[in-house]
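# Analysis of the macromolecular model
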Amino acid sequence: MQAIPYGSWASGAHLSTTRAVSAPVSTTTVAASVQKLVSENAVIVVGRRGCCMSHVVTRLLLGHGVNPTVFDVDDDDEAAVVVELRKMMTIVGDESVIDNWPQFPVVFVGGKLFGGLEKVMATHISGELVPVLKEAGALWL
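First, a word on scope: everything that follows refers to the structure included in this document. (Residues numbered from 1 in each chain as written. Predicted model: local features only at pLDDT ≥ 70, side-chain atom pairs only at ≥ 80, totals over all residues. Heavy atoms only, no water.)

## Overview of the packing of aromatic side chains
Cut-off, in case you're wondering: For this analysis, a ring pair means two rings from Phe, Tyr or Trp (six-membered ring only for Trp) whose centres lie within 6.5 Å, classed as stacked if their planes differ by under 30 degrees, edge-to-face if by over 60, and tilted for the remaining angles. The criterion is that NZ of a Lys, or CZ of an Arg, lies within 6 Å of the ring centre and within 35 degrees of the ring normal, and then a charge sits over that ring.
Within this structure, the stated rule accounts for zero aromatic pairs. Above the plane of the ring of Phe114 lies Lys119, whose end atom (NZ or CZ) is 5.2 Å from the centre.

Laid out in structure tokens, this is it:
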């Protein structure tokens, strides 16, 4: 039996289970991309490229049978993405969250901000995550 090199296994598995999207370069493109992805996908995870917390959220969602879209943000594009996410939060009107937000990863469910890692884990532990995912159309069973 031959060992599978980690790099070839990890990259293939990641791309087959999630749709990874890299952040574009211009600010207007970033804004359009984030808004478009949020509106078009039942579940989207926005996180820094290579972030272990984004990986944890993605794996938890995959474990529930959800195939989230993953928006990987490069260090160079992080400021523009944060500005756009803050604008999207202002539209929603939850001022209490804006002060400490966004902290990556950021999860959107059903076109609305759901929260970060803590919120996803808390709702998973309490059993509230699956009904939210079903309501958003991310789960069918």
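There's plenty left to go through after this.
## Thoughts on the packing of helix H3 (residues 52-63) against helix H6 (residues 117-126)
Note the cut-off: Helix axes use the C-alpha atoms of the stretch in contact, all axes being lines fitted to C-alpha atoms, and the angles between their N-to-C directions lie in the range 0 to 180 degrees. Secondary structure follows DSSP: runs of H or I at least 4 residues long count as helices, runs of E at least 2 residues long count as strands, and numbering of each begins at the N terminus. Put simply, angles under 35 degrees are roughly parallel, angles over 145 are roughly antiparallel, angles from 65 to 115 are roughly perpendicular, and the rest are oblique. Should the near helix be turned anticlockwise from the far one by less than a right angle, the crossing is termed left-handed; should it be turned clockwise, right-handed. Contacts are residue-level and defined by heavy atoms, with any inter-residue pair within 4.5 Å sufficient. Think of it as three bins: nonpolar holds Ala, Val, Leu, Ile, Met, Phe, Trp, Tyr, Cys and Pro, charged holds Asp, Glu, Lys and Arg, and polar takes everything else, Gly as well.
Where H3 contacts H6, the two axes come as close as 10 Å, and the packing angle between them is 30 degrees. With respect to H6, the element H3 is oriented roughly parallel. In this structure, H3 meets H6 at a crossing whose hand is left-handed. On H6, the residues that touch Met53, Val56, Val57 and Leu60 of H3 are Leu117, Val120, Met121 and His124. Taken together, the residues of the contact of H3 with H6 break down into seven nonpolar, one polar and no charged.

## What to know about the pattern of salt bridges
As a reminder, the rule being used: Think of a salt bridge as a Lys or Arg side-chain nitrogen and an Asp or Glu carboxyl oxygen that are within 4 Å of each other. Only protein chains enter the calculation, and the probe is 1.4 Å; a residue is then buried if its accessible area is under 20% of its type maximum, exposed if over 50%, and partly exposed in between.
Inspection of every chain in the model, using the stated rule, returns three salt bridges. Arg49 is the partner of Asp72 in a salt bridge, and the nearest nitrogen-oxygen pair spans 3.9 Å. Of this pair, Asp72 sits in strand E3 (residues 69-73) while Arg49 is found in the loop between strand E2 (43-48) and H3, placing the two residues 23 residues apart along the sequence. Take Arg49: its relative accessible area is 43%, and that puts it in the partly exposed class. Between Asp74 and Arg49 there is a salt bridge; the shortest N-O distance is 2.6 Å. Of this pair, Asp74 sits in the loop between E3 and helix H4 (78-92) while Arg49 sits in the loop between E2 and H3, placing them 25 residues apart in sequence. Here the salt bridges do not stand alone but share partners, grouping Arg49, Asp72 and Asp74 into one network.

## Some thoughts on the side chain of Glu78
The condition is simple: Whenever two N or O atoms come within 3.5 Å, that pair is a polar contact, provided that in protein one can donate a hydrogen and the other can accept it, and provided that, for residues adjacent in sequence, both atoms are side-chain atoms.
Its location among the elements puts Glu78 in helix H4. Reaching out from Glu78, the side chain makes a polar contact with the side chain of Arg48 at a distance of 2.8 Å. Ignoring sequence-local partners within four residues, the contact set of Glu78 consists of Arg48, Val73 and Phe104.

## Comments concerning a nonpolar patch on the surface
Quick reminder of the rule: Only residues whose relative accessible area exceeds 30% and that form no salt bridge are eligible for patches; like-charged ones are grouped when within 9 Å, while nonpolar side chains (Val, Leu, Ile, Met, Phe, Trp, Tyr) are grouped when within 5 Å. What sets the accessible areas is the Shrake-Rupley method with a 1.4 Å probe; for residues, cover comes only from the shown protein chains.
A surface patch of nonpolar side chains, amounting to about 340 Å² of accessible area, comprises Met53, Val56, Met121 and Ile125. Mapped onto the nonpolar patch, the elements with two or more residues apiece are H3 and H6. In this fold, Ile125 is placed in helix H6.

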